[in-house]
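Fold and geometry: a report
Residue-level listing of the chains:
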Amino acid sequence: MGKMSQRRQWRCVVGWFGICLLQLLLLAECTVRRQRITKKGFQDLESYPPVRLHLLENHVVMDNGLVNVTLSVPEGMVTGIQYNGIANLLEERNKENDRGYWDIVWNLPEAHGNIFDKLAATSLNVVLEDENGIELSFTRTYDDSIYETQLSLNIDKRFILLRGYPGFYTYGIFERLEGWPDINVYQGRTVFKLQDKLFEYMAVSDERQRIMPTADDRARGQILDYPEAVLLTNPANTFLRGEVDDKYQYSSDNKDNRVHGWICPDPPTGFWMITPSNEFKTGGPIKQDLTSHVGPTTLSMYFSTHYAGEPLALTFRDGEPWRKMLIETESWPYSFPLSEDYSFDYQRGSATGRLLIQDSYISERLITGNSAYVGLAAPGDAGSWQTENKAYQFWAVADSEGYFLIKNVRPGNYSLYAWVPGYIGDYKYDFYVNIRPGSRITLGALTYNPPRNGPTLWEIGIPDRTAIEFFVPEPSPRLMNQLYSVNQAEKFRQYGLWDRYSELYPSEDLVFTVGVNNYQTDWFFAHVNRNVGNKTYVPTTWQIAFDLDNIDFFGTYMLQIAMASANEAELQVRINNPDEEAPYFTTGTIGKDNAIARHGIHGLYRLYSLEIPGSQLLFGRNIIYLTQSRGSSPWRGIMYDYLRLEGPPEYT
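Every chain is numbered on its own, with residues counted from 1 as its sequence reads. Local features in this predicted model are restricted to residues of pLDDT 70 or higher, and side-chain atom pairs are both shown and tallied only at a pLDDT of 80 or more, whereas totals for entire chains, interfaces and linings draw on every residue. For side-chain calculations, the full set of non-hydrogen atoms in the structure is used, while hydrogens and water are omitted.

1. Notes on the environment of Trp 523
Within the secondary structure, Trp 523 sits in the loop between helix H4 (519–522) and strand E40 (530–531). For the pair Trp 523 and Phe 470, spaced 53 residues apart in the sequence, the C-alpha separation amounts to 5.7 Å. Throughout, a residue-residue contact means that at least one pair of heavy atoms, one from each residue, lies within 4.5 Å. The residues touching Trp 523, leaving out its near neighbours within four places in the chain, are Ile 460, Phe 470, Phe 471, Leu 510, Phe 512, Asn 518, Trp 542, Ile 544, Leu 626, Tyr 640 and Leu 643. Secondary structure follows DSSP: runs of H or I at least 4 residues long count as helices, runs of E at least 2 residues long count as strands, and numbering of each begins at the N terminus.

2. Comments concerning the UniProt feature "domain: Rhamnogalacturonan lyase" (unreviewed entry) in the protein chain
UniProt positions are given in the numbering used here, feature names are shortened, and annotations may be inferred rather than shown by experiment. With numbering aligned to this structure, UniProt lists the feature "domain: Rhamnogalacturonan lyase" (unreviewed entry) at residues 370–443 and 456–645. Taken end to end, residues 370–443 has its terminal C-alpha atoms 17 Å apart, with 0% of it in helix and 45% in strand.

3. A closer look at the pairing of strand E49 (residues 637–646)
Note on classification: 1.4 Å probe, protein chains only; a residue is buried when its accessible area is under 20% of the maximum for its type, exposed when over 50%, partly exposed between these limits. Of all 10 residues in E49, 10 are buried, a share of seventy percent or more. When DSSP finds two or more bridges between two strands, those strands count as paired. Summarising the sheet, strand E38 (residues 456–461) and E49 pair through five bridges and their orientation is antiparallel. Bridging across to E49, Trp 458 finds its partner in Leu 645. Looking at chain direction, strand E43 (residues 556–569) and E49 are connected through nine bridges and run antiparallel. Note on E49: the bridge partner recorded for Asn 567 is Gly 637.

4. Points about the sheet that holds strand E18 (residues 222–223)
Pairing in this open sheet of three strands is antiparallel, and the strands run E18-E19-E20 from one edge to the other. Both edges of this open sheet fall to E18 and strand E20 (244–245), since each of them pairs with a single strand only. In terms of strand pairing, strand E19 (residues 230–231) meets E20 through two bridges, oriented antiparallel. Counterpart to Leu 231 in the pairing with E20 is Val 244.

5. Some thoughts on the packing of aromatic side chains
Think of it this way: a Phe, Tyr or Trp ring, Trp meaning its six-membered ring, pairs with another when their centres are within 6.5 Å, and the plane angle makes it stacked under 30 degrees, edge-to-face over 60, tilted otherwise. Enumeration according to the criterion identifies 34 aromatic pairs in this entry. Taking 5.9 Å as the distance between ring centres and 90° as the angle between the ring planes, the aromatic pair formed by Phe 394 and Tyr 414 counts as edge-to-face. With Phe 394 in strand E32 (residues 394–397) and Tyr 414 in strand E34 (residues 412–419), the pair connects residues that are 20 residues apart, well separated along the chain. Taken as a pair, Phe 394 and Tyr 414 share a single burial class, namely buried.

6. Thoughts on the environment of Gly 172
Mapping Gly 172 onto the fold places it in strand E14 (residues 167–177). Through-space distance from the C-alpha of Gly 172 to that of Val 230 is 34 Å; in sequence the pair is 58 residues apart.

7. Details of the side chain of Asp 593
Counting through the fold element by element, Asp 593 comes out in the loop between strand E46 (590–592) and strand E47 (606–613). Pairs of N or O atoms within 3.5 Å make up the polar contacts considered here, provided that, within protein, one atom can donate a hydrogen while the other can accept it, and that residues adjacent in sequence are counted only when both atoms are side-chain atoms. A polar atom in the side chain of Asp 593 sits 3.2 Å from the side chain of Ser 565. For Asp 593, the side chain forms a polar contact with the side chain of Arg 606, separated by 3.5 Å. Apart from residues no more than four positions distant in its own chain, Asp 593 is found in contact with Tyr 307, Ala 308, Ser 565, Ala 566, Asn 567, Gly 603, Leu 604 and Arg 606.

8. Quick notes on the sheet that holds strand E42 (residues 540–548)
Spatially, E39-E42-E48-E44-E45 is the arrangement adopted by the five strands of the open sheet, whose pairing is mixed. Every other strand in the sheet has two partners, leaving strand E39 (511–513) and strand E45 (585–586) as the edge strands with one partner each. Examined bridge by bridge, strand E44 (residues 571–575) and E45 share two bridges and lie antiparallel to one another. Pairing of Gln 572 across the sheet is with Thr 586, part of E45.

Here it is in structure tokens:
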């Protein structure tokens, strides 16, 4: 065997980031009957034309009679998609490497600026070619003689076209061998740019779909506080005049991001990105990322630092090896990919059990883990799954009785993690879960003891890892996205809400009195800085006022502060003395989530449990001062998830 094949490696299949297959499904008027792919094979294939592969001088064409896909050779860029009488769904005014492609954003440690790599391949291999399907492999092998300018990953981009199916699949394999140069990797995705004269209606979910502006509309508009946000001042469609367009307004959690795309009205045609599984994506089920946006552009994001910051960057040091594979939903896992890295159904396993909660201050009996998120991810500490970025994750939502089934799990050694809406903190099972091919592991009843010191004296919010329950203001009338004027449940996605705080609290900060105020109307969704004019932003201090009729001066109270997001923030806590020079507690500078600017209602979850001696408290009125001490920017701030003051264990 050669030298390279003997070295340790890291492999990742992408469509995930490691093994991931993505499906692009093209639909026209529903006149083309979708071919169902079952675990037993394909139905009625004979009624459809056989699949053909045409090798041209600089291109290769996959054609199944319903759709044909043209790719550049050897680069592996998707240059054309012909369907439903449309010669090319992709924007032909773009260069061939700017229509349909994979890309990665990376740099070398200590380097200034990032490198944007479209992963142009150097070799084509026909993996499969018969009348029922084609699989193509476009590869690029790392050359360590030019490492300073080349991404130290081996790249294998796969494309699959099946008989009788109006769409195609793509997945990829990323690999690092031991000893390769250190790198930082910040983003990996697949991108498709469609004809703007054809596709004008975008759908991200049942509730989020609309007619969209064009790239030309944005070019004629007014850039707001950052380049992604543009006020449409002279759009071709006058209905859109006065609206704000920002691609981050259409982000979704991984768990909700299964289908999104664009619709052409004439001829009626849809272009949909379908993500079959989130196992290859980083950050777990509630990590947010981009979907579709003006272009018209459709993305599949495998990994990024969006809504999380540096903790989600992939850092490879000391020659660390790595390999991961990135892949429609109900028929997952597929039966047709041919990569050796892909795990078929029979090669996977499952884990089942029941999660119960023990909190004697709520109930003397065990509480069922209703709607708990339960997952298998790389071994680590409780909660480490949300910043894990090099392996696979598999998640399930428990039923109302706390029963869960995590299925289609790749073989490996995992930790089992969970968190439960309505309760703070993270659960981790005490033992590793070893999944083998075909294994069906029964874990039985698991008990989670969420952080708790004593009885609840007061609480603000709902522990659900978001700030959605707090007061979200209406946007400025001149900075609206009409979609979220109709869809009020997601009005936090409106632009510029951070400056609404300064309008509501122009000189005095928020004061919340327990028993008087309501967190749904009186607790601003984000603890942000105040704009005092000329885009000058200063820190703010919020107050929680509460009364105590009884104090255990020798006991320990506990203040639980759960954060839904933080961005370049520092929370300082003072108790009954706002002028104390040194705070009772400080987080130090935390977070790079940027969820405030990017219209997210959450980022990375953080929990702080502050012990407060009874001697710090007063009979009657007490005030806890919360200072976000980092000024100068409108987006430095905190989103709280939930706050709770607990008495000592025997407090009555």
